[in-house]
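Spelled out, the chains give:
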Amino acid sequence: MSAATQDTAIRTGRVTRTLIYLILLLFALFYMLPLYVMVVNSVKPLNEITGGGMMNLPQVFTLEPWAKAWSSAQIGVEPTGLQPYFWNSIKMVVPAVAISTILGALNGYVLTKWRFRGDTILFGLMLFACFIPFQIVLIPMARMLGLMGLAGTTWGLVLVHVVYGIGFTTLYFRNYYAVFPTELIRAAQIDGAGFFQIFWRILLPSSGPIAVVSIIWQFTNIWNDFLFGASFAGADSQPMTVALNNLVQSSTGVKEYNVHFAGAILAALPTLLVYIVAGRYFVRGLMAGSVKG
Amino acid sequence: MGFLDIDHTTKSYGAIEVLHNVDISVEEGEFLVLVGPSGCGKSTLLNMIAGLEDITSGEIRIKDKVMNGVHPSKRNIAMVFQSYALYPNMTVGQNITFGLEMHGTPKPERQKAMKDVAELLQIEQLLDRKPGALSGGQRQRVAMGRALVRNPDVFLFDEPLSNLDAKLRVDMRTEIKKLHQKLGTTIVYVTHDQIEAMTLSTRIAVMYGGYVQQLGTPQEIYDSPANVFVATFMGSPAMNVVPAKVAMEGGKPVAVVALHDDSTVSLPFSQNNMAGWDGRDIMLGIRPETITDEDAADRNSSNIARMTNRIVVTEPAGSDTFVTMTLGGKDVIARMRSDADVRPGANFPFAVNMEKAVAFDPETEMRIVP
């Protein structure tokens, strides 16, 4: 394979090639700069930062800012660190991602394999959900959560994120299932499998790649969401993003920049982890060999 | 009442009727082939038998039970799809027993049925593999195994061989025929390949434009095509259909056909009723293999006509040589022995077996029945 593709590469001289790589390297370094700043400053004592030299490597290496950000920093009025809010986020993100992905898969299945009158219009309307700005729904959503008795709870946030995510997950799964061979569904029907049996036994086991896409997308969005968290969460259900803001904004005492940097990295870690763990399943073609070869 | 009855069945999508009043009765153990070009409605008809498409009007009965509105899994049918439709996430063994599992068959029985089928199709060594690791021919066998294991009343095949390469297709064709002879099951088989239709079937339904053009045994279809469409669709190369005029010579009806140079030749009919068409135009149908050289002419035929015509093109195909000439203003193909001395541009004395020739009414395109 690789031998065949070499012909199509642009032939360049050694000098041009070096120049290209040099420029690319520079850009890469430039983009890595914020991460560098965050990492080095999160492992310095505070006096090294306040004394200037934000770009310097730490003279004294310490993990204390990390420990403090995690378990004892002042968040609002309580010195709890980010830890409880991290679990709040997990309790919100996991159900929200799971429910919205499963509902999206079911929607995609119905919209492609159990076609009904008006299904394209319905799909179009669901797509609309992807384009509604968050701010528009804040007040109606607050009213709805209040009526349902979910105001200020983790489940309220789960509901909001599921409702917002369903447009995207439906879009992903619908487009994936649209090219899934309908003959497989028909064969299963003749074999006597019902609606949900076909879904669980035939369709879902072949949905790996798109499920990963949906999970990464939903996880990143919901984990990083600030607006809904700040608007609808109660004191004991605030997600990580809101807590991070409270940590950085708290006005008592000195600004502990090293703790802030450590907290920011902590808040970003889970999404990075999801990319690293799930990203490689992207490329696996799980459909190989289902139909003609 | 047959085993499978398709009783005055039609299919419409909205206001458009795509199948018109199809009426076929299949006996137990028959191998019925639905053949026709794409879009003729053959797959739609098969899907209606399977229950994957609704029946707009009329009835489909299996063993005298009306199947309209019955779920596919409750019809006791099995289907082999063009793409095989093997479940990609299951092993071959799981693929074969999935239907039994869904019907609540206990596991020991499923395993036994799977073993029997695997043995019959010689796929025992593949049972633990995934479909992705199989060749086209192996997938084809697994798809048939999945159908066989259910022990259904009727097997439905939807162009099962069209994804295989030419050599494998011929092998699998023989295999399917063997299987049918061995098991004596009732089969409805859809194909666009007229050779498959001829070789496999006990009866053929030739379809075109949503109509069954002709229903009959392969021999009936080949020798006595109901109309010009059936005549030209069945057979390879296709039957030559040329314009001719009926005349009387010596009290016998003949077909007067133009040769390459506008002179004419008189080909005497075997059917005396053609006398009634004296002076009228007809379309004369001659199969390529009935135009030969003198030595290869059928010795049992009572009616060999001669004509000398110019050869336009020769196409040696190993076992035969196909010779193209101009007859009645059209290209006509003759199927000659490979050692016949034919050269392009030369005049050659052909022998035409007029016993096998058929005549069509040019207005209705229907065969003139002797």
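Residues numbered from 1 in each chain as written. Chains lettered and ligands numbered in written order. Predicted model: local features only at pLDDT ≥ 70, side-chain atom pairs only at ≥ 80, totals over all residues. Heavy atoms only, no water.

### Here's the deal with the environment of E64(A)
Tracing the backbone shows E64(A) in helix α4 (residues 64-71). As for E64(A) and V259(A), which are separated by 195 residues in sequence, their C-alpha atoms are 8.3 Å apart. (Helix = DSSP H or I, 4+ residues; strand = E, 2+ residues; numbered from the N terminus.)

### Focus on the packing of aromatic side chains
All names here are of chain A. Scanning all chains against the criterion turns up 27 aromatic pairs over all chains. With a centroid separation of 5.6 Å and 70° between ring planes, the pair formed by F86 and W223 is classed as edge-to-face. Residue F86 is located in helix α5 (residues 83-113), and its partner W223 is located in helix α11 (residues 208-224); the two are separated by 137 residues in the primary sequence. Members of the aromatic cluster, connected to one another through ring pairs, are Y109, W114, F195, F196, F199 and W200. Positioned over the ring face of F123 is R174, at 4.4 Å from the centre of the ring. (Phe/Tyr/Trp six-rings, centres within 6.5 Å; stacked < 30°, edge-to-face > 60°. Lys NZ or Arg CZ within 6 Å of the ring centre and 35° of its normal.)

### Some words on the interface of chain B and chain A
Across the contact, 31 residues belong to chain B and 21 residues belong to chain A. Note on chain B versus chain A: buried area summed over both sides is about 2300 Å², and carbon and sulfur give 56% of it. By the criterion of area lost to chain A, the three top residues of chain B are Y87(B), P88(B) and M102(B), representing 23% of everything that side buries. Run the count over chain B and chain A and you get nine residue pairs in polar contact (both at pLDDT 80 or more). When contributions to the side of chain B that touches chain A are tallied by element, the ones reaching two or more residues are α1 (42-50), β6 (77-80), α2 (92-102) and α4 (136-148) of chain B. Among the elements that make up the side of chain B that touches chain A, the one with the highest residue count is α2(B) (four residues). Considering only residue class, the side of chain B that touches chain A consists of 16 nonpolar, 10 polar and five charged. (Contact = heavy atoms within 4.5 Å. Buried area = accessible area lost by both parts, 1.4 Å probe. Polar contact = N/O pair within 3.5 Å; in protein donor to acceptor, adjacent residues only side chain to side chain. Nonpolar A, V, L, I, M, F, W, Y, C, P; charged D, E, K, R; others polar.)

### Some thoughts on the pattern of salt bridges
Overall, the coordinates contain 20 salt bridges over all chains when judged by the stated rule. Between D191(A) and R150(B) there is a salt bridge; the shortest N-O distance is 3.4 Å. A residue pair is termed interchain when its members come from two chains, as with D191(A) in the loop between α9 (182-190) and α10 (195-203) and R150(B) in the loop between α4 and β7 (154-158). For the pair formed by D191(A) and R150(B), the shared burial category is buried. Here D281(B) makes a salt bridge to K245(B), at a shortest N to O gap of 3.6 Å. Residue D281(B) is located in strand β14 (residues 281-286), and its partner K245(B) is located in strand β11 (residues 240-249); the two are separated by 36 residues in the primary sequence. Several salt bridges converge on common partners, so that one network encompasses D5(B), D7(B), E59(B) and R61(B). (Salt bridge = Lys/Arg side-chain N within 4 Å of Asp/Glu carboxyl O. Buried < 20%, exposed > 50% of the residue type's maximum accessible area, 1.4 Å probe, protein only.)

### A word on the sheet that holds strand β20 (residues 358-360) of chain B
Residue and element names in this part refer to chain B. Spatially, β13-β12-β11-β14-β20 is the arrangement adopted by the five strands of the open sheet, whose pairing is antiparallel. The open sheet is flanked by β13 (264-268) and β20, the only strands paired with a single partner. Between one strand axis and the next, the sheet turns through 45° on average, direction left out of account. Across six bridges, the pairing between β11 and β14 is antiparallel. Residue pairing across strands places P243 opposite M283, the latter belonging to β14. (Pairing = 2+ DSSP bridges. Axes fitted to C-alpha atoms, helices over the stretch in contact; angles between N-to-C directions.)

### A short note on α1(B)
Residues and elements named next belong to chain B. Where burial is concerned, most of α1 is hidden: eight out of the nine residues are buried. Among the residues of α1, K42, T44, L45, L46, N47, M48, I49 and A50 are the ones counted as buried. In the segment just after α1, G51 is the residue with positive phi, at about 95°.

### Brief notes about the packing of α2(B) against α4(B)
All names here are of chain B. Running from amino to carboxyl end, α2 crosses α4 at an angle of 30°, the nearest separation of the two axes being 7 Å. Classified by the interaxial angle, the pair formed by α2 and α4 is roughly parallel. For the element pair α2 and α4, the recorded crossing hand is right-handed. Contacts between α2 and α4 involve V92, N95 and I96 on the former and, on the latter, V142, G145 and R146. Among the residues forming the contact of α2 with α4, the class breakdown is three nonpolar, two polar and one charged. (Parallel < 35°, antiparallel > 145°, perpendicular 65-115°, else oblique. Left-handed = near helix turned anticlockwise from the far one by under 90°.)

### Some details on the sheet that holds strand β5 (residues 65-66) of chain B
Residue and element names in this part refer to chain B. Across the sheet, which stays open at both edges, the four strands sit in the order β2-β1-β4-β5 with antiparallel pairing between neighbours. Edge positions in the open sheet fall to β2 (16-26) and β5, since each of these has one partner strand only. Here two bridges tie strand β4 (residues 57-62) to β5, and the two strands are oriented antiparallel to one another. The residue bridging I62 from the neighbouring strand is K65, located in β5. Set on the sheet, α1 makes contact with β1 (4-13), β2 and β4; between it and β1 the angle comes to about 115°.

### Concerning empty space enclosed by the protein
According to the stated counting rule, one finds two cavities of 30 Å³ or more in the structure shown. One number sums up the size of the largest cavity: a volume of about 80 Å³. Lining the largest cavity, in full, are M144(B), A147(B), L148(B), F155(B), F157(B), I176(B), L179(B), H180(B), L183(B), T185(B) and I187(B). At the level of elements, α4, β7 and α5 (166-183) of chain B are the ones that each hand at least two residues to the lining of the largest cavity. Classifying every residue of the lining of the largest cavity gives nine nonpolar, two polar and no charged. The volume enclosed by the second largest cavity comes to roughly 60 Å³. Looking at the second largest cavity, the residues that line it are A187(A), I190(A), D191(A), A78(B), M79(B), F81(B), R146(B), A147(B) and R150(B). (1 Å grid on protein atoms, 1.4 Å probe; cavity = no way out; pocket = protein on both sides within 12 Å on 5 of 7 lines; lining within 4 Å. Points joined across faces, edges and corners; volume = space filled by probe spheres on them.)

### What about the pairing of β4(B)?
Residue and element names in this part refer to chain B. Sheet topology note: the β1/β4 ladder contains five bridges and is antiparallel. The residue bridging I6 from the neighbouring strand is I60, located in β4. Counted along the chain from β4 to the antiparallel partner β5, the turn is two residues long, and its residue K63 has a positive phi close to 50°.

### Some remarks on the nonpolar core
L34(B), L156(B) and V188(B) are the most contacted members of the largest nonpolar core, which totals 53 residues. Counting residues in each nonpolar core, the second largest holds 42 residues, with V35(B), V92(B), I123(B) and F155(B) among its members. (Core = buried A, V, L, I, M, F, W, Y, C linked by side-chain atoms within 4.5 Å.)

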